[in-house]
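Here are the chains, one letter per residue:
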Amino acid sequence: MFKPISLYIGLRYTRARRSNHFISFIALVSMIGLTLGVAVLITVLSVMNGFDRELKNRVLGMIPQATVSSTQILTDWPELAKKIEGHPHVTGVAPFTQLQGMLTAHGQVAGIMVTGIDPKYEPKVSIIQNHMVEGNINSLQKGEFGIVLGKQMADALGLGLNDNVTLVLPEATPSPAGVVPRFKRFKIVGIFSIGAEVDSMMGYIALNDASTLLRLPDGAQGIRLKLDNIFQAPQVANDIVKTLPPNFYASDWTYTHGNLFSAIQMEKAMVSLLLFLIVLVAAFNIVSSLVMVVTDKKSDIAILRTLGASPATITKIFMVQGTVIGVIGTVAGAILGIILATSISNVIDWLNTAFGWHLFDAYFINYLPSYLRWQDVVLIVSVSLILSFLATIYPALRAAKIQPAEALRYE
């Protein structure tokens, strides 16, 4: 005979059509609830992980992870860069000079943060070289006044490669005609596309050209750092500054994007909690369906007890039945969630293209990222299976307490 008997009967109860269709409906609702809960939880966590990854890799790949700057222009910045690069947590250094201004072309005006860079050092701390769609940052040469713009900025101004654009600096220059802002015409020598907000707000020029615009000696305002762990940026930057003269100061990405990262982490935690409640509700539905099954199967339980089945055997029968519902719902949800998580970015892109939507233009990236972490899938599936198993304990114990004589009295 098939062994163990509790597994055989439990699986048979799961497959059998019940005379009470409402019980079958409740069991189906429990299974669907688990499936949807697990699938949505995997999908949403993958999207939140995607935002988290894009913030780290794209946005923080363009903006400084940490900087060491001085109140005076650094004409000997190579020596300082070499010293800073010796720090064990620093993986790359590059000089920079920053200035704010406005770009104007074809009657359009846009604000911009312009960074003077050295093309030989910049790839050590930035991902810009990997995202050039036209031109090359190596075209930024001293005295040629070339500029590299983001694609969103170039499109907004109606510009392309080799077009000219005028940079307007806020500093006013006295002249016989009065006080006028400072203008400088630049040639676009490169266009990059990160797919994030930096495409519409940042531009790059040669380091020495930035010094010329600011009327400063050739040099840099500071040193930009790339670290092996971005979360150590405040500590590392402060440690480095402590070894330098008093006119140096530190900054890091937490000042500019720390709140955004914290918001993503908080939203991920809250959304996970809310979706976990969906799984919990589905598990409670398993309790409800099993309690009704126990009531419906009182006579069967009594007969089994009369034939010698122990209370432990009865308990196992209904635990098997509830666990099967949980396993099917969880596995189906995991499969559906993995499919959605790996395809949702393409689906949203297709919807944006097909219907002309711009669903994510208000975010720091203009698309929906998704990053499936298998450890999240394992955790979600494990929790769902555990909840499903725990949900079977009360109905199964209740079935084991049924007395044969009392159950068969009115049969």
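Please refer to the structure placed before this passage.
Residues numbered from 1 in each chain as written. Predicted model: local features only at pLDDT ≥ 70, side-chain atom pairs only at ≥ 80, totals over all residues. Heavy atoms only, no water.

Novice: Would you take a moment to explain the overall build of the protein chain for this structure?
Specialist: Helices and strands together make up the secondary structure of the protein chain, namely 11 helices and 10 strands. A burial count over the protein chain gives 48% of its 411 residues as buried. Partitioning the intrachain contacts of the protein chain with sequence separation of at least 6 by distance along the chain shows that 80% fall at a separation of at least 24. Accessible surface for the protein chain amounts to roughly 20500 Å². Of this, 61% is attributable to carbon and sulfur atoms. (Helix = DSSP H or I, 4+ residues; strand = E, 2+ residues; numbered from the N terminus. Buried < 20%, exposed > 50% of the residue type's maximum accessible area, 1.4 Å probe, protein only. Contact = heavy atoms within 4.5 Å. Areas by Shrake-Rupley, 256 points an atom, 1.4 Å probe, with all protein chains shown as cover.)

Novice: What should I look at first to understand a nonpolar patch on the surface in this one?
Specialist: Together, L28, I32, L36, L336 and L340 make up an exposed nonpolar region whose accessible area comes to about 410 Å². Per-element tally for the nonpolar patch: the top contributor is helix α2 (residues 21–62), with three residues. Inspection of the secondary structure assignment puts L28 in helix α2. (Patch = residues over 30% accessible without salt bridge, like charges linked within 9 Å, V, L, I, M, F, W, Y side chains within 5 Å. Salt bridge = Lys/Arg side-chain N within 4 Å of Asp/Glu carboxyl O.)

Novice: Even after reading the chapter, I still don't get helix α6 (residues 233–242), so can you show me in this structure?
Specialist: A turn of α-helix holds 3.6 residues, and therefore any two residues three or four places apart point the same way. Turning to α6, its buried residues are A233, V236, A237, I240 and V241. Down the axis of α6, the buried set is contained in an arc of 130 degrees. They therefore lie on one face. Of the surrounding secondary structure, the elements contacted by the buried residues of α6 are β1 (66–74), α3 (77–85), β2 (90–105), β9 (220–227) and β10 (248–252). (Arc of directions from axis to C-beta.)

Novice: For this particular structure, what's the right way to read the nonpolar core?
Specialist: The tendency in soluble globular proteins is for nonpolar side chains to be buried as a group. If you look at the biggest cluster of nonpolar residues, it comprises 50 residues, and the most contacted ones within it are I84, V148, Y204 and L225. Sorting elements by how many residues they give to this core places α2 first, with seven residues. In this structure V148 touches I128, M132, I137, L140, V189, G190, I191, F192, M202, G203 and Y204, once residues within four positions along its chain are discounted. By size, the runner-up hydrophobic cluster in this structure holds 22 residues, among which are I112, L149, L167 and A210. (Core = buried A, V, L, I, M, F, W, Y, C linked by side-chain atoms within 4.5 Å.)

Novice: Sorry, what's going on with the packing of helix α9 (residues 311–355) against helix α10 (residues 374–400) here?
Specialist: When two helices pack together, their arrangement is captured by the angle between the axes and the distance separating the axes. It is the contact of α9 with α10, at a shortest axis distance of 8 Å, that shows an interaxial angle of 155 degrees. Between α9 and α10, the angle is such that the two are roughly antiparallel. Note that α9 runs across α10; the crossing there is right-handed. Counted by class, the contact of α9 with α10 contains 17 nonpolar, eight polar and no charged residues. (Axes fitted to C-alpha atoms, helices over the stretch in contact; angles between N-to-C directions. Parallel < 35°, antiparallel > 145°, perpendicular 65-115°, else oblique. Left-handed = near helix turned anticlockwise from the far one by under 90°. Nonpolar A, V, L, I, M, F, W, Y, C, P; charged D, E, K, R; others polar.)

Novice: Teacher, can you tell me more about the packing of aromatic side chains here?
Specialist: Geometry of an aromatic ring pair is reported as the spacing of the ring centres plus the angle between the planes. All told, the structure shown has four aromatic pairs when counted by the stated rule. Summarising the aromatic geometry, the rings of F231 and W253 are spaced 6.2 Å apart at their centres and angled 75 degrees between planes, so their arrangement reads as edge-to-face. With F231 in the loop between β9 and α6 and W253 in the loop between β10 and α7 (254–296), the pair connects residues that are 22 residues apart, well separated along the chain. Relative accessible area serves as the criterion here: at 44%, F231 is assigned to the partly exposed category. The buried category is assigned to W253, whose relative accessible area is 3%. Above the plane of the ring of F145 lies K184, whose end atom (NZ or CZ) is 4.1 Å from the centre. (Phe/Tyr/Trp six-rings, centres within 6.5 Å; stacked < 30°, edge-to-face > 60°. Lys NZ or Arg CZ within 6 Å of the ring centre and 35° of its normal.)

Novice: Sorry, what's going on with the pattern of salt bridges here?
Specialist: For side chains bearing opposite charge, pairing can occur when the charged atoms are close. This structure, assessed with the given rule, holds three salt bridges. In this structure, R224 engages E122 in a salt bridge whose closest nitrogen and oxygen atoms are separated by 3.1 Å. Here R224 is found in strand β9, whereas its partner E122 is found in the loop between β3 (108–117) and β4 (132–135), with 102 residues between them in sequence. For the pair shown, R224 and E122 are each scored as buried. Here K142 makes a salt bridge to D218, at a shortest N to O gap of 3.0 Å. Taken together, the residues K142 in the loop between β4 and β5 (146–150) and D218 in the loop between α5 (207–213) and β9 connect sequence positions 76 residues apart. Residue K142 is classed as exposed on the basis of its relative accessible area of 55%.

Novice: When you look at the side chain of S388 in this model, what are you seeing that I'm missing?
Specialist: Its location among the elements puts S388 in helix α10. Judged by its relative accessible area of 2%, S388 falls in the buried class. Dropping the residues within four chain positions of it, S388 is found in contact with L34, I286, G326 and T330.

Novice: Explain α9 here, please?
Specialist: Taking 1.5 Å per residue as the helical rise, α9 with its 45 residues ought to reach 66 Å, and the 61 Å between its terminal C-alpha atoms agrees with that figure. Along its length, α9 reaches its greatest deviation from straightness, about 50 degrees, at S343. (Expected span 1.5 Å × (residues − 1). Bend = angle between axes of the 7 residues up to and from the residue.)

Novice: Hey, could you run me through the environment of G222 in this one?
Specialist: Secondary-structure assignment places G222 in strand β9. A C-alpha to C-alpha distance of 3.9 Å links G222 and S69, two positions 153 residues apart in sequence. For G222, the residues in contact, after removing those within four places along its chain, are V68, S69, L74, A94, P95 and F96.

Novice: Quick question: what am I supposed to make of the environment of T212 here?
Specialist: Mapping T212 onto the fold places it in helix α5. Note: C-alpha distance between T212 and F145 (67 residues apart in sequence) is 10.0 Å.

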